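Survey of secondary and tertiary structure
If you want the building blocks of each chain, they are given just below.
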Amino acid sequence: MLTFTEAQLMGWLNPLFWPFIRALALMTSLPVFGQRSVPMRVKIALALFIALAAQVSLPEMPVVPLDSPQAVMLVVQQVLIGISMGFAVRLVFAAIELGGEVIGLQMGLNFAGFFDPATASQGTASGRFFGTIVGFLFIIVNGHLALIAALIKSFSAFPAGPEPFAFLRATQPQVWGAELFSLGLWIALPLVGMLLFVNLVLGVISRVAPQINIFAIGFPATLGVGLVGMLLTLPLMEQPFTMALERMLAHFY
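Cut-offs used in this document
Residues numbered from 1 in each chain as written. Predicted model: local features only at pLDDT ≥ 70, side-chain atom pairs only at ≥ 80, totals over all residues. Heavy atoms only, no water. Axes fitted to C-alpha atoms, helices over the stretch in contact; angles between N-to-C directions. Helix = DSSP H or I, 4+ residues; strand = E, 2+ residues; numbered from the N terminus. Left-handed = near helix turned anticlockwise from the far one by under 90°. Contact = heavy atoms within 4.5 Å. Nonpolar A, V, L, I, M, F, W, Y, C, P; charged D, E, K, R; others polar. Core = buried A, V, L, I, M, F, W, Y, C linked by side-chain atoms within 4.5 Å. Buried < 20%, exposed > 50% of the residue type's maximum accessible area, 1.4 Å probe, protein only. Polar contact = N/O pair within 3.5 Å; in protein donor to acceptor, adjacent residues only side chain to side chain.

For the pair helix 3 (residues 69–107) and helix 5 (residues 143–157), the least separation of the axes is 12 Å and the interaxial angle reads 145°. Considering the relative orientation of helix 3 and helix 5, their crossing is right-handed. Residues Q78, M85 and V89 of helix 3 form the contact with helix 5, whose own contacting residues are L147, A150, L151, S154 and F155. Of the residues assigned to the contact of helix 3 with helix 5, the class counts are six nonpolar, two polar and no charged.

Now for the side chain of S154. With respect to the helices and strands, the residue S154 is situated in helix 5. Setting aside residues no more than four positions away along its own chain, S154 makes contact with R22, M85, P159 and F252.

A few words now on the nonpolar core. Formed by 46 residues in total, the largest nonpolar core has its most connected members in V89, I96, L147 and F241. When contributions to this core are tallied by element, the ones reaching two or more residues are helix 1 (6–29), helix 2 (40–53), helix 3, helix 4 (125–140), helix 5, helix 7 (177–208) and helix 9 (238–249). Among the elements that take part in this core, helix 3 stands out by supplying 11 residues, more than any other. In this structure I96 touches F130, V134, L183, I187, M237 and F241, once residues within four positions along its chain are discounted. Membership of the second largest hydrophobic core comes to nine residues, among which are W18, L58, M61 and A160.

Further remarks concern the side chain of R22. With respect to the helices and strands, R22 occurs in helix 1. Of note is the side chain of R22, whose polar atom sits 3.1 Å from the backbone oxygen of F158. Excluding its chain neighbours within four sequence positions, the residues that come into contact with R22 are Q78, I81, G82, L151, S154, F155, F158, P159 and A160.

Here it is as structure tokens:
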């Protein structure tokens, strides 16, 4: 007859339970895997698989009874770290989408807004296009593998302990929002400058030849130049996206 004690059961469950909670919190807050279209069972299965596969690389986990107050603090810590990691990746995605929104505003596409069910907000066609492209880019550049590596390394940088808010004091995630605006504006800056030059040329034409209907040719000109500029700058998006993703994940090493 197979028998085991409660201490043995805790020794078996604790090394798997804490990585599973942190990975599950990460999966529920990621931009790609955390969408509503991904079933919760898939997220739970992925988190469990990552926790099982990472056992050989993880440091020793504390053995804590799951019905104790210390276990509650440990759960809070894992949830905070996992959600913060997903928030860091989501900021990079939001920065790219912000660049697309600024470009669409300069192209005159701000009136073509539509409801985005993924983010439950209004967005332009260019912003949604940049968001879709960066989702594919995240998979192509192996961003999911870098994210899993950062998740495993986070247990060495921020091991499971009784202080759930020590991570927040060490990393200060509330200041990460500056990355969103700086990266978004840097991505949109070439196209904004190009469209500004087009608008200046159209302004000069309207002064030199007032009989030309500038409104009839202005919108097709800015839209055409914007689309050509987007086509030319899309191959250059990989480097800033990769650098921003590595910089955000470096907070967890």
